[in-house]
Amino acid sequence: MKTRKPSASPSASARAAQEEALQEARRERLSALGLRVTPNRLAVLAVFEQATRALSHADIEAELPQAIDAVTLYRTLDALAEAGVLSKTVGDDRVSRYALMQQAAQHQGHAHFHCDDCGRVYCLPAKPPRQPAVPEGFAVAAVDLNVHGQCADCGSQPHAKTR
């Protein structure tokens, strides 16, 4: 008598179907931007879809399910930033951090919070103040507002650094 293999639970099959739909959306997004669809780009996009803050190269490496060569990861990040999929900011610590953009212009026009203890950068939902008046002949390309302090994680640690 043959033993039947237990079928996957409905929730497992539903999760698999949802993940496949997400992968297809990632493929379509890359294709629509004229980017080659590669396993590395798909994996990096998946990491950013789960992120709640801007991520450094080291953060991304730690979150990837499989290791990607460092140079390949840098090139992947650069290609995604150039295409408008990711935004790239460089902190006072000279570390580049990336955040997922839903739309090309989404990353413009809002402030960032920089944690002075851990170095993480968070996009803030509030819009920065109005563009300041500049002297005649000057052209403003962008206005950035960076708020510095201590994030909730660092603030909850018993021996958190204070400024």
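Residues numbered from 1 in each chain as written. Predicted model: local features only at pLDDT ≥ 70, side-chain atom pairs only at ≥ 80, totals over all residues. Heavy atoms only, no water.

Asks: Looking at this model, I keep getting lost on the overall build of the chain. Mind explaining?
Replies: Tallying secondary structure elements over the chain gives five helices and six strands in all. Counting helices and strands in the order they occur from the N terminus, the chain gives α-α-β-α-α-β-β-β-β-β-α. When burial is assessed residue by residue, the chain has 29% of its 163 residues classed as buried. By sequence separation, contacts in the chain at least 24 residues apart represent 45% of the contacts at least 6 residues apart. When the accessible surface of the chain is totalled, it reaches about 11400 Å², and 51% of it is carbon and sulfur. (Helix = DSSP H or I, 4+ residues; strand = E, 2+ residues; numbered from the N terminus. Buried < 20%, exposed > 50% of the residue type's maximum accessible area, 1.4 Å probe, protein only. Contact = heavy atoms within 4.5 Å. Areas by Shrake-Rupley, 256 points an atom, 1.4 Å probe, with all protein chains shown as cover.)

Asks: When you look at the nonpolar core in this model, what are you seeing that I'm missing?
Replies: Grouped burial of nonpolar side chains is what soluble globular proteins tend to show. Core analysis: the biggest nonpolar cluster contains 18 residues, and Val44, Phe48, Ile60 and Leu77 have the highest contact counts within it. The set of elements that each furnish at least two residues to this core consists of α2 (39-50), α4 (70-82) and β3 (96-100). Element by element, the count of residues in this core is highest for α2, at five residues. Those residues within four positions of Phe48 in sequence are excluded, and the remaining contacts are Leu55, Ile60, Leu77, Leu86, Tyr98, Ala99 and Leu100. With five residues, the next largest nonpolar core counts Phe113, Tyr122, Cys151 and Cys154 among its residues. (Core = buried A, V, L, I, M, F, W, Y, C linked by side-chain atoms within 4.5 Å.)

Asks: Help me understand α4 in this model?
Replies: Note: α-helices contain 3.6 residues per turn, so residues at a spacing of three or four share the same orientation. With 13 residues, α4 should reach 18 Å at 1.5 Å per residue; the first-to-last C-alpha distance of 18 Å fits that figure. Inspection of α4 places Leu73, Thr76, Leu77, Ala79 and Leu80 among the buried residues, and these make up the whole buried set. For α4, the buried positions fall inside an angular range of 165 degrees around the axis, keeping them on one side. Opposite the buried face of α4, by more than 90 degrees, sit the exposed residues Arg75 and Glu82. Put simply, Asp69 is the residue that caps the front of α4, since its side-chain oxygen is 3.2 Å from the backbone nitrogen of Val71. (Expected span 1.5 Å × (residues − 1). Arc of directions from axis to C-beta. Polar contact = N/O pair within 3.5 Å; in protein donor to acceptor, adjacent residues only side chain to side chain.)

Asks: Can you help me understand the sheet that holds strand β2 (residues 86-90) in this one?
Replies: Backbone-to-backbone hydrogen bonds join strands into a sheet, with any given pair of strands oriented parallel or antiparallel. Reading across the sheet, the three strands line up as β1-β3-β2 and stay open at both edges, with antiparallel pairing between neighbours. Of all the strands in the sheet, the pair left with one neighbour each is β1 (55-56) and β2. For β2 and β3, the ladder comprises five bridges, and the chain directions are antiparallel. Residue pairing for β3: Ser87 is matched across the bridge by Ala99. The strands touched by α2 are β1, β2 and β3; relative to β3, the strand with the most contacts, the crossing angle is about 80 degrees. Packing of α4 onto the sheet brings it into contact with β2 and β3, and relative to β2 it is tilted by some 110 degrees. (Pairing = 2+ DSSP bridges. Axes fitted to C-alpha atoms, helices over the stretch in contact; angles between N-to-C directions.)

Asks: How should I be thinking about a nonpolar patch on the surface in this particular structure?
Replies: A cluster of nonpolar side chains, namely Val134, Phe138, Val140 and Val143, defines an oily patch on the protein surface of about 320 Å² accessible area. On the secondary structure map, Val140 appears in the loop between β5 (121-123) and β6 (146-149). (Patch = residues over 30% accessible without salt bridge, like charges linked within 9 Å, V, L, I, M, F, W, Y side chains within 5 Å. Salt bridge = Lys/Arg side-chain N within 4 Å of Asp/Glu carboxyl O.)

Asks: Would you explain the pattern of salt bridges in this entry?
Replies: Close approach of charged atoms lets side chains of opposite charge pair. Across all of its chains, the model carries five salt bridges by this definition. Linking Glu19 and Arg26 is a salt bridge whose minimum nitrogen-to-oxygen distance equals 3.1 Å. Looking at Glu19, the relative accessible area reads 37%, which means it is partly exposed. Notably, a salt bridge pairs Glu49 with Arg26, separated by 2.5 Å at the nearest N-O pair. Taken together, the positions of Glu49 in helix α2 and Arg26 in helix α1 (residues 10-32) put the pair 23 residues apart, joining distant regions of the chain. Note on Glu49: relative accessible area 32%, which makes it partly exposed. Each of Glu19, Arg26 and Glu49 takes part in one network of salt bridges that share partners.

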